[in-house]
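# Descriptive structure summary
The lines below spell out each chain.
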Amino acid sequence: MSDGIVIRDGRDADSDAVIALVDLCWSAYPGVILDVDLEEPGLRHPASHFRAKDGRFWTAWRGAALHGIVGYAFDPATATVELHKLYVHPDARRGGLGRRLTALVEAAARDRGAARIELWSDTRFETAHRFYRGLGYTRTGRTRDLHDLSNTTEFHFEKRLGP
């Protein structure tokens, strides 16, 4: 695309940049704390983490700067893909990168024969909720408490995939 952003498969060596991006995104919300070793150890080896979940992880770069990430896990027993870690750098928002990254997950889900995609999102991430609804994801009414350092409660969203 003309925005100069290149999306590629994520690598474990991207870990420092991935952690910095997630921390930047989380720090915009009061009380949201990133403790990688205690609560998000998969960020230390993101590509391996998602491969172990029968999934995939992508990164989006402009030059040497990481502008976005997304991953998914696949559950063949339920034919469900779970979207994880969709984060876009504040400087790259509203330019379609989030849609491009989500489209990768949706295409992978269809290729894998998934009947639906689901995701969980912190109740404080209201902008993300609007984004997901705009892409056809529906809040199911389910919530979960993570009992983490951030005192996180998450909303559940899903999108049914057609034939």
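The structure this text deals with has already been given above.
Residues numbered from 1 in each chain as written. Predicted model: local features only at pLDDT ≥ 70, side-chain atom pairs only at ≥ 80, totals over all residues. Heavy atoms only, no water.

## Points about unusual backbone geometry
Filter applied, for reference: Helix and strand definitions here come from DSSP, where helices need a minimum of 4 consecutive H or I residues and strands a minimum of 2 consecutive E residues; each element is numbered from the N-terminal end.
Phi angles above zero are rare outside glycine, and Asp54 is one such case at about 55°. Turning to its location among the elements, Asp54 is positioned in the loop between helix 3 (46-51) and strand 2 (56-62).

## Considerations on helix 1 (residues 15-26)
As a reminder of what qualifies: To estimate the expected span of a helix, count its residues, drop one, and scale the result by 1.5 Å. Only protein chains enter the calculation, and the probe is 1.4 Å; a residue is then buried if its accessible area is under 20% of its type maximum, exposed if over 50%, and partly exposed in between. Read the arc as the range of directions from the helix axis to the C-beta atoms. By definition, residues are in contact when any of their heavy atoms lie within 4.5 Å.
In a regular helix each residue adds 1.5 Å, so 12 residues correspond to 16 Å; helix 1 covers 16 Å between its end C-alpha atoms and thus fits that length. Of the positions making up helix 1, those classed as buried are Ser15, Val18, Ile19, Leu21, Val22, Cys25 and Trp26. The buried residues of helix 1 all sit within an arc of 160° when viewed along its axis, so they share a single face. Where helix 1 is buried, its residues contact helix 2 (36-39), helix 3, strand 2, strand 3 (65-75) and strand 4 (80-88).

## Looking at a positive patch on the surface
Counted only if it meets this: Like charges within 9 Å and nonpolar side chains (Val, Leu, Ile, Met, Phe, Trp, Tyr) within 5 Å are joined into patches, using only residues over 30% in relative accessible area that form no salt bridge. Accessibility throughout is a Shrake-Rupley quantity obtained with a 1.4 Å probe, and a residue counts as covered only by protein chains that appear here. What makes a salt bridge here is a side-chain nitrogen of Lys or Arg within 4 Å of a carboxyl oxygen of Asp or Glu, nothing more. Counting rule applied: Lys, Arg positive; Asp, Glu negative; His and chain ends not counted. Think of each charge as sitting on NZ of Lys, CZ of Arg, CG of Asp or CD of Glu.
On the surface, Arg93, Arg94, Arg130, Arg133 and Arg139 cluster together to form a positively charged patch. In this structure, Arg130 sits in helix 5 (residues 126-134).

## Let's talk about the pattern of salt bridges
By the definition in use, this model includes 12 salt bridges. A salt bridge links Glu158 to Arg116; the nearest nitrogen and oxygen atoms lie 2.8 Å apart. In this pair, Glu158 is assigned in strand 7 (residues 153-160) and Arg116 in strand 5 (residues 116-122), connecting sequence segments 42 residues apart. Residue Glu158 is classed as buried on the basis of its relative accessible area, which comes to 17%. The partner of Asp122 in a salt bridge is Arg124, with the nearest N and O atoms 2.9 Å apart. In this structure Arg124 comes out as partly exposed when scored by relative accessible area, which is 26%. Put simply, Arg116, Glu118, Glu158 and Arg160 are held in one network by salt bridges that share partners.

## Section: the nonpolar core
For the record, the criterion: Think of a nonpolar core as a cluster: buried Ala, Val, Leu, Ile, Met, Phe, Trp, Tyr and Cys residues, connected wherever their side-chain atoms sit within 4.5 Å.
Grouped together as the largest cluster of nonpolar side chains are 25 residues, with contacts concentrated most on Val81, Leu83 and Tyr137. The set of elements that each furnish at least two residues to this core consists of strand 2, strand 3, strand 4, helix 4 (97-111), strand 5 and strand 7. A per-element tally of this core places helix 4 first, with five residues. Excluding residues within four positions of it along the chain, Tyr137 makes contact with Leu83, Thr102, Glu106, Ile117, Leu119, Tyr132, Phe157, Glu158 and Lys159.

By themselves, these are just geometric observations and shouldn't be taken as functional.
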